[in-house]
Structures are given as structure tokens and as C-alpha cells.
Number of protein chains: 2
Amino acid sequence: MAGTRLDAIDRKILAELQADGRMTNVELAKRVGISAPPCLRRVRTLEDSGFIKGYHAQVDSRELGFEVQVFAMVGLVSQAEADLTAFENLCRSWPLVRECHMLNGEVDFILKCVAPDLSTFQSFLTGQLTSAENVASVKTSLVIRGAKDEPGVPFDILEERLSRTA
Amino acid sequence: MAGTRLDAIDRKILAELQADGRMTNVELAKRVGISAPPCLRRVRTLEDSGFIKGYHAQVDSRELGFEVQVFAMVGLVSQAEADLTAFENLCRSWPLVRECHMLNGEVDFILKCVAPDLSTFQSFLTGQLTSAENVASVKTSLVIRGAKDEPGVPFDILEERLSRTA
DNA sequence: CGTGAAAAGATTGCCGC
DNA sequence: GCGGCAATCTTTTCACG
């Protein structure tokens with residue numbers, strides 16, 4: 001499961017589905033150069049083995065009324081493993097927190113948050129995040145504007161790297 | 001286009017497709033409580049009007065060989081508009097940079113980067129990012145582990161908020 | 001992996017509200 | 001404007017080589 005090797009076709013499938021996750025299987029099969037049935041079998045295998053974790057429509061958050069996007073840097077009082085996972089679980093329970101990553105360096109976690117407006121975010125910040133158990137410090141930065149937002153990974157780099165090794 | 005109002009069915013469609021972007025249209029229609037043809041028409045309209053910006057398979061970056069994920073905080077020398085957009089365009093040209101957001105506060109931009117390994121990232125950091133025109137400072141933080149990574153927006157919050165207003 | 005056939009889904013046109 | 005029905009075409013899916 002972990003170290004499973006993917007061949008060139010599998011990687012092409014992943015790249016295509018990352019770029020357009022709603023492509024039909026026949027179209028996908030055509031692009032990767034095999035017929036539809038084996039192509040679908042590969043996709044199922046990639047899903048089952050966890051290489052594909054899901055499919056998501058990318059929505060326009062601002063158009064939908066989420067005007068505010070914020071990065072929050074969080075420092076904890078205790079970095080004991082139990083306290084780290086406790087904070088992670090807290091983040092998972094907060095809908096406004098879309099991403100939570102543990103970092104090295106001065107700060108312990110970075111959170112990406114969205115909110116309909118500033119006051120909603122402020123009340124979350126003061127009422128939930130800053131006042132949560134074990135949270136020592138929170139520094140927030142508002143996103144003024146987004147310049148790039150590409151989900152996933154650059155498959156070009158992967159292929160380039162593989163062709164150098166091969 | 002901009003201020004177009006969505007009804008409850010449209011919002012349900014968006015929520016469902018955000019959760020599972022590869023759902024069939026009949027399944028989607030069943031879930032939102034209308035028949036397939038009007039459901040498909042709504043989806044097309046949502047795509048054309050930009051509420052849906054695309055569909056993407058979510059891949060496991062680590063399994064795919066992108067072991068390194070880094071947040072980079074970038075400060076620029078000049079924050080004149082032309083210099084800001086120049087830096088944004090630079091970020092768009094770098095495959096390792098997946099996200100670039102302009103921030104308020106001390107730092108000008110936050111970048112989310114991925115790389116196959118540390119040395120690849122380091123050479124990007126020193127060779128491209130730090131040495132780019134107009135870049136004054138770069139502070140990087142390695143992601144030790146990911147705790148939450150939900151694309152999109154919390155539709156629950158949206159509905160809750162709309163029901164309070166209604 | 002491919003072929004072929006059967007089932008399911010997508011899509012269009014038309015009707016009524 | 002909206003959704004539903006029915007016909008048609010495409011895609012998915014399975015059995016088999």
C-alpha cells in the first residue's frame with residue numbers, strides 16, 4: 001500500500017484527474033492511451049490505495065459570501081504529543097478552519113480559515129481559538145488578495161525527476 | 001454574474017459537489033430533490049457563472065513523492081502595485097508554489113510550496129525565490145505533519161447564517 | 001489489456017406550470 | 001422563469017478471451 005509503484009499511465013491518470021476531476025472515463029482513457037475498462041480499473045485501484053483521496057468541486061468562496069480569508073499562526077503552551085493532537089482535534093471540529101498544519105520553527109501551527117465577514121472571524125478568534133485550552137499565542141494575517149491557488153502537486157516536476165533517474 | 005443570488009437548491013448542489021465532485025448527475029439530482037435535467041442545467045449555470053471554478057481529484061502528495069511541504073513568508077522591497085503583480089506573476093510561473101496570497105501585516109505574501117525533497121526545495125529557495133527581483137526577505141517553515149486539509153468552504157455556516165437572516 | 005453487450009447515466013426537445 | 005417526462009445518445013460496467 002505505502003510504497004506501491006505507479007507506472008507512467010497511473011501518473012498520467014492522476015495528473016489528468018487532478019486537472020479535471022469530472023472528466024468522463026472514456027475521455028480519460030483516450031488521453032492516457034488505453035481503453036475504458038482497464039482505465040476505470042486503474043482509477044478504482046488508485047482510489048482504494050489512497051493515492052486519490054477524493055474529488056471536489058472548487059467553488060468561488062468570495063462569490064459564495066466568504067469574504068474573509070485568514071492565516072493564523074498558533075503557539076501552544078505545551079508541545080507534548082497529547083497536547084498537540086488535542087489541538088489538532090479541536091481544529092478538525094471548527095468549520096471555519098479549513099487547514100491545519102504543524103510547523104517547525106517559532107510557531108507550532110498554521111491555520112487557514114475562512115469566514116463570511118470580519119466580525120464572524122473575530123468572534124471565532126476570541127471566543128474559540130485564542131481562548132482554547134493550551135493556546136499560548138495567536139497571530140493572524142488577513143488575505144488581501146489571492147494570487148495563485150492551485151490544488152495538488154506539480155506532476156511536471158515528478159516526471160522530470162523520474163526521467164532524470166531513469 | 002457577480003451578485004447573482006443562489007437559491008437553496010443551488011447551494012445544496014455546490015455543497016454536494018464540493019464533497020464529492022465525481023458524483024453522477026442522477027445521484028446529485030436525487031440528493032437535492034429535483035429530477036436530472038434541471039439539475040444538470042443548474043450545474044452548467046453554476047460552472048458558467050464561475051461559482052464552480054473546476055473539479056479536482058485530491059491526491060496524496062506524500063505518497064506521490066512530494067515529501068516536503070513548506071510555508072514561505074515573503075517580504076518585498078517595493079509594494080508598488082506593479083511590483084506586487086510582478087511578484088505574483090513570478091509565483092504563478094513556479095510549479096513548486098501552489099498557493100500565493102497577499103497578506104496584511106508585517107509580511108507581504110504567504111506561499112505554500114511542495115517539493116520532492118529538501119534539497120529540491122532549498123535550491124528553489126536560494127536559486128529562485130530569495131534571489132528574485134524585489135524580494136527583501138523570506139522566512140520558511142517546514143510542515144512537520146498535516147492535521148486537517150479540507151478544500152473549499154463550510155456550507156453549514158452559510159446555511160446557518162442565511163436561516164438567521166431569513 | 002481489449003472486445004462486446006447490457007445497464008446506467010447524460011443530454012436534448014418538448015410540454016406544462 | 002422553473003421543473004418534469006420521454007426519447008436518444010453516451011458512458012459505465014461486467015463477463016470473457
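Shown above is the structure to which this text applies.
Keep in mind the model is a prediction, meaning the values are calculated, not measured. (Residues numbered from 1 in each chain as written. Chains lettered and ligands numbered in written order. Predicted model: local features only at pLDDT ≥ 70, side-chain atom pairs only at ≥ 80, totals over all residues. Heavy atoms only, no water.)

Enquirer: Give a detailed account of the relation of the copies chain B and chain A, specifying residues and quantitative values.
Expert: The operation relating chain B to chain A is a screw motion whose rotation component is 180°, with 0.0 Å of axial translation and a residual RMSD of 0.1 Å. The transformation just described matches what one would write down for a two-fold rotation axis. The share of interface residues of chain B whose copies in chain A are also at the interface is 100%, consistent with both copies meeting through the same surface. (Least-squares fit on C-alpha atoms with pLDDT ≥ 70 in both. Contact = heavy atoms within 4.5 Å.)

Enquirer: Describe the pattern of salt bridges, and please don't skip the residues or the numbers.
Expert: This model, assessed by the stated rule, comprises 30 salt bridges over all chains. With a closest N to O distance of 3.2 Å, B:Arg145 and A:Glu81 form a salt bridge. On the criterion of chain membership, the pair formed by B:Arg145 in strand 5 (residues 135-149) and A:Glu81 in helix 4 (residues 81-93) is interchain, its members lying in two chains. For B:Arg145, a relative accessible area of 24% puts it in the partly exposed group. The exposure class assigned to A:Glu81 is partly exposed, which follows from its relative accessible area of 44%. If you follow the salt bridges from partner to partner, you end up with A:Lys12, A:Glu16, A:Glu27, A:Lys30 and A:Arg31 in one network. (Salt bridge = Lys/Arg side-chain N within 4 Å of Asp/Glu carboxyl O. Helix = DSSP H or I, 4+ residues; strand = E, 2+ residues; numbered from the N terminus. Buried < 20%, exposed > 50% of the residue type's maximum accessible area, 1.4 Å probe, protein only.)

Enquirer: A description of the packing of aromatic side chains should follow, citing residues and the corresponding values.
Expert: Considering all chains together, one arrives at six aromatic pairs over all chains under this definition. With centroids separated by 5.3 Å and ring planes inclined at 85°, the aromatic side chains of A:Trp94 and A:Phe124 adopt a geometry described as edge-to-face. In this pair, A:Trp94 sits in the loop between helix 4 and strand 3 (97-103) while A:Phe124 sits in helix 5 (residues 118-129), placing the two residues 30 residues apart along the sequence. A relative accessible area of 8% means that A:Trp94 is categorised as buried. Ring geometry for B:Phe87 and B:Phe109: centres 4.9 Å apart, planes at 50°, overall tilted. Residue B:Phe87 is found in helix 4 (residues 81-93), and its partner B:Phe109 is found in strand 4 (residues 109-115); the two are separated by 22 residues along the sequence. This pair shows no difference in class: B:Phe87 is buried, exactly as B:Phe109 is. Across from the ring centre of B:Tyr55, 5.4 Å away, lies the NZ or CZ of A:Arg22, which sits over that ring. (Phe/Tyr/Trp six-rings, centres within 6.5 Å; stacked < 30°, edge-to-face > 60°. Lys NZ or Arg CZ within 6 Å of the ring centre and 35° of its normal.)

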